[in-house]
Amino acid sequence: MISNQRMRASKLGCLLLALGAALAPARASAQAIRVTAESENFRAQPRGEIIAFVPRGAVLEDATRDGGWYRATLRGWIWSASVESAGREARLIVRRETGENLRAEPNGEIVARASRGTVLTELERSERWARVERVGWIWAASVEPATDQPIGRDVATPARAEPSAPPIGAAAAAPRPTAARIVAENWLRAGRGGVVLLQSPDGDTLGSVRPMTAMEVVAREGNWARVRVDGWVWQPGLASAADSGVVLSDITAAVLAANPENFRGRTVEWRLQFIALERAERIRSDFYEGEPFILARGPGDEAAFVYVAVPPDKVAQVERIGPLEWIVVLGRVRTGRSRVMGAPVLDLLELRTE
């Protein structure tokens, strides 16, 4: 009796295991994907650090989807002189300042460009080349399944086939641009002497770009390229909507304190008596914590205190000023009345001593 019960229990257990396996959701299988965007970022994590740029047509392997992203493996050959050991076995780090190309084969078509500092896993060596891989993430909307291309094929050029004559009257198809050409057309780097940004071809100067800065190409016109450069600027140095270009030199601190909102963003020139260069404590909510500022008296003979926020590039100049020395400050009004002391706060634009 007991033996029959055990037999039935064993059969039931096997049946439940089989049923569970049949009903379990199938895991997404890894696949190869092809980049369809003109150029896409390859990141260490979703929305994380960019570790490589991948052009249209490049194929990534072992890809699995997770929401709006694919986790995939980028493989290729890299010039060994551009990498060095990352301190761990089979780990290399890109040391070249401008990054380095990954190629389908030594000296072959470009399949990606790895950024400086990217860590790669070495797979093999061939003379002065290293075959490497890196797992990362790419935006799902920029790729498609590469079902028609076996893993490992040169992704930058279509598969070779026996030549055949086109149909009579049909125009020959334009050659597909290579990955190297795509990268070159969409990104430029400033030369070793830097470049000047102009408002238009042969127009007014807007600014200058440091040597080797990466610039995205937006449009081309003859020998000119319209580019986009990302960067940061010191916000207090920007013109505000309230700044009419008129410098107020005869207005008093008392007037600003009485009408703080009316003068926000206006430019004033005041003669002040320097007292000290200080750093803002957390309680001074009109500054960020640790921001350097001038504590001064004035303007002129006015018995009031004025605070002047000092940008990082002018701190050294202010440090050379002695106590009670007279200075002339050109500044933009941050507020006419600070929350803690009720005194005007300026953002320093220019300064000279008397």
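Residues numbered from 1 in each chain as written. Predicted model: local features only at pLDDT ≥ 70, side-chain atom pairs only at ≥ 80, totals over all residues. Heavy atoms only, no water.

Peer 1: Mind showing me how you'd approach the environment of Ala 90 here?
Peer 2: With respect to the element layout, Ala 90 can be found in the loop between strand 6 (83-85) and strand 7 (91-94). Separated by 31 residues in sequence, Ala 90 and Thr 121 place their C-alpha atoms 5.7 Å apart. Apart from the residues within four sequence positions on either side, Ala 90 is in contact with Leu 120, Thr 121 and Glu 122. (Helix = DSSP H or I, 4+ residues; strand = E, 2+ residues; numbered from the N terminus. Contact = heavy atoms within 4.5 Å.)

Peer 1: Teacher, can you tell me more about the confidence of the model for the chain here?
Peer 2: Any segment with low pLDDT has predicted coordinates that should not be analysed in fine detail. The share of residues in the chain with pLDDT of 70 or more is 77%, and the mean pLDDT across the chain is 78. Contacts from residues 16-27, a stretch scored under 50 in pLDDT, to residues over four places away or in other chains number 0 contacts. Confidence over residues 149-183 falls short of pLDDT 50; this stretch has 31 contacts with residues more than four positions distant or in other chains. (pLDDT = per-residue confidence, 0-100.)

Peer 1: Help me understand the sheet that holds strand 16 (residues 214-221), please; the structure alone is not making it clear to me.
Peer 2: Adjacent strands of a sheet form backbone hydrogen bonds with each other and so pair up, either parallel or antiparallel. Within the open sheet, the 3 strands sit side by side as 13-16-17. Their pairing is antiparallel. The strands lining the two open edges of the sheet, one partner per strand, are strand 13 (187-189) and strand 17 (224-228). Strand-to-strand twist in this sheet, taken as the mean axis angle between neighbours without regard to direction, amounts to 55°. Examined bridge by bridge, strand 16 and strand 17 share 5 bridges and lie antiparallel to one another. Residue pairing across strands places Glu 221 opposite Trp 224, the latter belonging to strand 17. (Pairing = 2+ DSSP bridges. Axes fitted to C-alpha atoms, helices over the stretch in contact; angles between N-to-C directions.)

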